[in-house]
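Observations on chain architecture
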Amino acid sequence: MARSEILEHHAELPPVLASGPWRWMHRHFFSSVGQTFLTIVVAAITIRTLWFLLQWAVLDAVWVASGPQACRDAAGACWAVIVEKHRPILFGMYPYDQHWRLVLMIVIYLTTVIASLTPACWKRSILIPMWIAAVTAITVLMFGGVFGLPYVPTSEWGGLPLTIILFTGSVLFGMPIAVLLALGRRSPLPVARGLSVVFIESLRGVPLITILFVAVNIFPLFLPAGMEVNKLLRITLSIAVFFACYQAEVIRGGLQAIPRGQYEAAASLNMTYWQTTLRIILPQALRICLPAMTNHIIAAMKNTSFVIIIGLFDILTATTAVMQDPLWRQFYIEAYLFVALIYLVFGLALSMYARRVESWVAVGRI
Amino acid sequence: MSGVSKWYGTFKVLNEVSLEIQRGERVVVCGPSGSGKSTLIRCINRLEEHQKGDIYVKGIELNDSVKNIAAIRSSLGMVFQSFNLFPHLTVLENLTIGPTLVRHMKRKDAEERAMHFLRKVRIPEQAHKYPLQLSGGQQQRVAIARSLCMEPEIMLFDEPTSALDPEMIKEVLDTMIELAESGMTMIVVTHEMGFARTVADNVILMADGNIVERAEPGEFFSHPKHERTRTFLDQILKH
């Protein structure tokens, strides 16, 4: 606002010939008394804050310590708590001597995902075997029970691997459900349309926590005696369905943006409903709603932390549990900052990748 | 077709229209906007559903039977005013998607056929571009080629030049004239009277959902029988 006013004001002056950093600073920071005053105040606050942060996080911080006492004596941050506690934070209650399996799992996961997001790998002959191999390897690593690996039940899974499984599972299950719901909502068949509307509207109107609670505590009551569906699977599907309801509405927006002529052209080529939908309509609709879809995918990643209420130890819950340790309790800020950094890295990577994809779409590369 | 009627809501767009077109015939349909001429040809391939009367294409009745609709559409090609190319596919993919998906042709054969028709419409060099990188006239020629790749026996044109700049109209009309010379059955909704005069076997004037006049072009332009035809021709030929 202020900036556009200034630019407008300057537009009436004779053409500016000089340029360079001084000129730019003068125009943007010191062009009037009031502005100069604001600039100085803001600069003072910024410098003061940055200096405080630098002092706390770097200069006075304790990086390595033999015990919590060293941290208590220091004025700055206690990064030593992360050195001390990083394994239970990252891996939860998974047996300590088996943590190498989780490291390997994360490496396999990241490799697979990064490869899948590279256009050069977008071939069925690469993607399908790669995912089958990765899912098999991760399942074997996580559960064990074969090849001499001790068995670890899902109730002992936790930390970053659990967050990764919940997030990936809910997006992989959720996207197809979202597409079907979006198509259903625009279907000419009244039953399909009605079901989709009821499904979307009823689940969107309920907090995720409620859905998780129902999935864990109420759903089993409806199952025949003796039958049990794994809790982790129930939770993943619940988050997936919740994610799908929001994503379906985004995709519906994309579908509505496709002109009628596209359907007519496909119809006059005698294409069937599914041929038209899969080959003509969806590829265009998904490109249109890519930014909004990214939004919900990032939200889904953070929604995994809701599993705290049903006793699964995702990375955030694991941190909370770890920081109950009375010796280190007071340094919870540092521990949470560490977890926030992990979320931030994943979130930023997702949004940067999405922006890259948008630019590919813009130049017609995909 | 006989006695075909169609309503949009309570508005009657087609009023008991009866029309017979022979194999190899080239028919131009003209008339003021809102006269039902687009609706007429869109009914023939079921982009619009007629509510009364019968439509037969090659002896197959156009009714609710999905099989019949598919059979009829497979002998029809359609060219739209706004091209309706698939923007996310290259020109070549636009041409091969029908033959490969619907006709289960091998990709290589479909591509050969596509290049054949791209040469026919004189833009083989654009095969790997995306539709939106082409001019309007080029896009419309791609659209014609896309229809031809499905080997239709009858081509329907819905105002194929109305969305084009004047200098591009000619290249599209030239393509259509060549198609007519090859013996294709064509039903063309257009305001291009020059095209009607040189190519059409019959010219039809529609007004208010009725076929007002149907005549050979010579007759139609020099001795129109109906007052309505005369006023229409006056209006569009004046300038």
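Just so we're clear, the structure is a prediction, and the values are computed from it rather than from any experiment.

**Quick look at the overall build of chain B**
Looking only at helices and strands, one finds nine helices and eleven strands in chain B. For 239 residues, the compact-globule formula gives about 18 Å, and the C-alpha radius of gyration of chain B, at 18 Å, lands near that figure. In chain B, which comprises 239 residues, the share counted as buried stands at 55%. Within chain B, contacts between residues at least 6 apart in sequence are counted, and of these 63% link residues at least 24 apart. Approximately 10,700 Å² of chain B is accessible, and the part contributed by carbon and sulfur atoms is 49%. Both charge centroids of chain B, one from 29 positive and one from 31 negative side chains, sit 3 Å from each other.

**Remarks on the nonpolar core**
One finds Ile235(A) and Ile251(A) to be the most contacted residues of the largest nonpolar core, which totals 115 residues. Setting aside residues up to four positions removed in sequence, Ile251(A) forms contacts with Met175(A), Ala178(A), Val179(A), Ala182(A), Leu286(A), Cys289(A) and Met293(A). In this structure, Cys30(B), Val79(B), Leu134(B) and Leu179(B) belong to the second largest nonpolar core, which totals 46 residues.

**What to know about the interface of chain A and chain B**
Interfaces are often described in size by the accessible area the parts lose on coming together. Chain A puts 18 residues into the contact, and the matching count from chain B is 22 residues. Interface area, chain A with chain B, both sides summed: about 1,800 Å², of which 59% is carbon and sulfur. Contact with chain B buries area across many residues of chain A, yet Ser268(A), Leu269(A) and Asn270(A) alone supply 34% of it, more than any other trio. In this structure, Glu264(A) engages Arg42(B) in a salt bridge whose closest nitrogen and oxygen atoms are separated by 2.5 Å. Counting across the chain A and chain B interface gives seven residue pairs in polar contact (both at pLDDT 80 or more). Counting only elements with at least two residues in the side of chain A that touches chain B, the list comes to helix 12 (260-268) and helix 13 (273-288) of chain A. Residue contributions to the side of chain A that touches chain B peak at eight residues, all from helix 12 of chain A. Within the side of chain A that touches chain B, the residues separate by chemical class into seven nonpolar, seven polar and four charged.

**Structural notes on the pattern of salt bridges**
Residue and element names in this part refer to chain A. Applying the stated criterion to the full structure yields 23 salt bridges over all chains. For arginine 185, the salt bridge identified is with glutamate 249, shortest N-O distance 2.8 Å. Of the two residues, arginine 185 sits in helix 8 (residues 159-185) while glutamate 249 sits in helix 11 (residues 231-256), which places them 64 residues apart along the sequence. With relative accessibility at 16%, the residue arginine 185 sits in the buried group. By relative accessible area, which is 17% here, glutamate 249 ends up buried.

Cut-off values and rules
- Residues numbered from 1 in each chain as written.
- Chains lettered and ligands numbered in written order.
- Predicted model: local features only at pLDDT ≥ 70, side-chain atom pairs only at ≥ 80, totals over all residues.
- Heavy atoms only, no water.
- Helix = DSSP H or I, 4+ residues; strand = E, 2+ residues; numbered from the N terminus.
- Rg over C-alpha atoms; globule rule 2.2 N^0.38 Å.
- Buried < 20%, exposed > 50% of the residue type's maximum accessible area, 1.4 Å probe, protein only.
- Contact = heavy atoms within 4.5 Å.
- Areas by Shrake-Rupley, 256 points an atom, 1.4 Å probe, with all protein chains shown as cover.
- Lys, Arg positive; Asp, Glu negative; His and termini not counted.
- Charge placed at Lys NZ, Arg CZ, Asp CG, Glu CD.
- Core = buried A, V, L, I, M, F, W, Y, C linked by side-chain atoms within 4.5 Å.
- Buried area = accessible area lost by both parts, 1.4 Å probe.
- Salt bridge = Lys/Arg side-chain N within 4 Å of Asp/Glu carboxyl O.
- Polar contact = N/O pair within 3.5 Å; in protein donor to acceptor, adjacent residues only side chain to side chain.
- Nonpolar A, V, L, I, M, F, W, Y, C, P; charged D, E, K, R; others polar.

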